[in-house]
Amino acid sequence: MEVFLKAGLPPGVINLVYVNGPSLGDVVFKHPDFAGLHFTGSTGVFKTLWKTIGQNIDIYKSYTRIVGETGGKDFILAHKTAAVAELATAIVRGAFEYQGQKCSAASRAYIPDNLWDPLKKMLVNQVKDINMGSVEDFSNFVNAVISENSFDKITRYIDDAKKSDDIEVLTGGSYDKSKGYFIQPTILVTKDPNYVTMCEEIFGPVLTIYVYQADQFQEILNVIDKTSNYALTGAIFALDRNAIALATEKLQHAAGNFYINDKPTGAVVGQQPFGGARGSGTNDKAGSKINLLKWVSPRTIKETFVPPRDFIYPFMTPDKKSGS
């Protein structure tokens with residue numbers, strides 16, 4: 001806001017109000033002039049807001065415009081032709097940058113069994129090299145999670161995974177909140193592609209991997225598409241262009257932002273529109289002109305310089321030749 005004002009934006013064009021959600025809602029959603037909502041947050045909260053707006057529709061002077069960018073259960077899919085070193089780096093960066101506290105962060109991965117052994121070694125070695133600590137030290141790749149509530153939620157998933165017979169804890173699994181809310185980068189390996197951490201958004205440094213048979217690539221595409229209600233980001237790693245084309249087609253509704261041989265994070269405002277559908281939001285592509293058009297109210301103006309003076313159209317005039 002300070003930058004906007006210093007740049008010359010007149011005061012009042014944009015107003016920044018710090019207030020808790022319920023207090024804001026009591027005022028905004030009951031006001032006749034309420035015209036639009038642009039929301040970033042959880043899927044559950046967004047559904048509640050939409051429901052509230054719908055219930056109050058008779059109050060408003062206009063039909064409310066609604067844009068939502070909510071959760072994600074973002075995937076990395078590897079084909080049997082994928083380059084292992086690039087895949088390992090994308091997994092570590094995609095899952096553990098910002099402690100996985102990004103709606104686009106990789107939180108589930110599907111790896112063919114022909115690549116699993118070399119990839120497993122690389123992942124373990126890379127995670128061992130991760131420094132964790134204060135943000136003031138730029139050598140720390142992983143910092144604390146945002147709050148105690150977040151810490152408690154994430155660690156419950158980890159604790160439950162440790163108790164499961166279907167889960168192997170490949171890396172991490174430890175945590176400490178005695179001084180800051182620190183959780184080790186955790187990689188889980190599951191035997192069940194529908195295990196809870198493959199389906200629910202965790203929003204923390206926890207990645208779950210499912211190893212599939214390399215010759216069942218088409219089948220795993222169906223699994224990915226149907227596993228989660230979210231459809232925000234996803235990635236395919238492959239050197240086979242046919243496999244890339246197939247995944248791009250079959251997963252068109254599973255990821256609003258789809259990455260080829262890259263991690264599923266890092267969209268840049270003005271360069272790569274961002275957003276997803278299904279449980280991930282309205283896919284209005286924040287950071288692009290597409291989104292801006294949502295908020296424009298077009299007006300058409302027609303001016304006639306020679307207005308007609310008779311209501312009868314030419315085709316209504318009797319045909320003199322036929323005598324009719």
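Below is a short write-up of the structure. (Residues numbered from 1 in each chain as written. Predicted model: local features only at pLDDT ≥ 70, side-chain atom pairs only at ≥ 80, totals over all residues. Heavy atoms only, no water.)

**Observations regarding a nonpolar patch on the surface**
Short version of the rule: Patch building starts from residues that exceed 30% relative accessible area and form no salt bridge, then joins like charges within 9 Å and nonpolar side chains (Val, Leu, Ile, Met, Phe, Trp, Tyr) within 5 Å. We get accessible surface area from the Shrake-Rupley algorithm with a probe of 1.4 Å; when it comes to residues, only the shown protein chains can shield them. Each salt bridge in this description consists of a side-chain nitrogen of Lys or Arg and a carboxyl oxygen of Asp or Glu lying within 4 Å of one another. Here's how the labels work: a residue is buried when its accessible area is under 20% of the maximum for its type, exposed when over 50%, partly exposed in between, all with a 1.4 Å probe on protein chains only.
Where nonpolar side chains cluster on the molecular surface, the patch consists of Met 1, Phe 4, Val 13, Ile 14, Leu 16 and Tyr 18 and spans about 640 Å² of accessible area. Classification of Met 1 by relative accessible area gives partly exposed; the value is 33%.

**Observations concerning the side chain of Arg 108**
We apply this condition: Every helix listed is a DSSP run of H or I at least four residues long, and every strand listed is a run of E at least two residues long, numbered separately from the N terminus. For this count, His and the chain ends are skipped, Lys and Arg are scored as positive, and Asp and Glu as negative. Residues adjacent in sequence count toward polar contacts only when both atoms are side-chain atoms; beyond that, a polar contact is any pair of N or O atoms within 3.5 Å, and within protein one must be able to donate a hydrogen and the other to accept it.
Its location among the elements puts Arg 108 in strand 4 (residues 106–112). No salt bridge is formed by the buried Arg 108. Its closest oppositely charged neighbour is Asp 74, at 7.0 Å. Here the side chain of Arg 108 touches Lys 73 through a polar contact of 2.7 Å, landing on its backbone oxygen. Among the polar contacts listed, one links the side chain of Arg 108 to the backbone oxygen of Ile 224, at a separation of 3.5 Å.

**Focus on the pattern of salt bridges**
Tallying each qualifying case throughout the model produces seven salt bridges. One salt bridge connects Asp 33 with Lys 61, and the closest N-O pair in it is separated by 2.9 Å. One end of the pair, Asp 33, is in the loop between helix 2 (21–28) and strand 1 (36–40); the other, Lys 61, is in the loop between helix 3 (43–55) and strand 2 (65–69), with 28 residues separating them in the sequence. Judged by its relative accessible area of 46%, Asp 33 falls in the partly exposed class. Note on Lys 61: relative accessible area 66%, which makes it exposed. Residue Asp 225 is joined to Arg 278 by a salt bridge in which the shortest nitrogen-to-oxygen separation is 3.1 Å. Placement of Asp 225 in helix 8 (residues 217–227) and of Arg 278 in strand 13 (residues 277–278) is noted, with a sequence separation of 53 residues between them. Under the relative-accessibility criterion, Arg 278 is labelled partly exposed at 37%. Where salt bridges share partners, they join Glu 148, Asp 152 and Lys 177 into one cluster.

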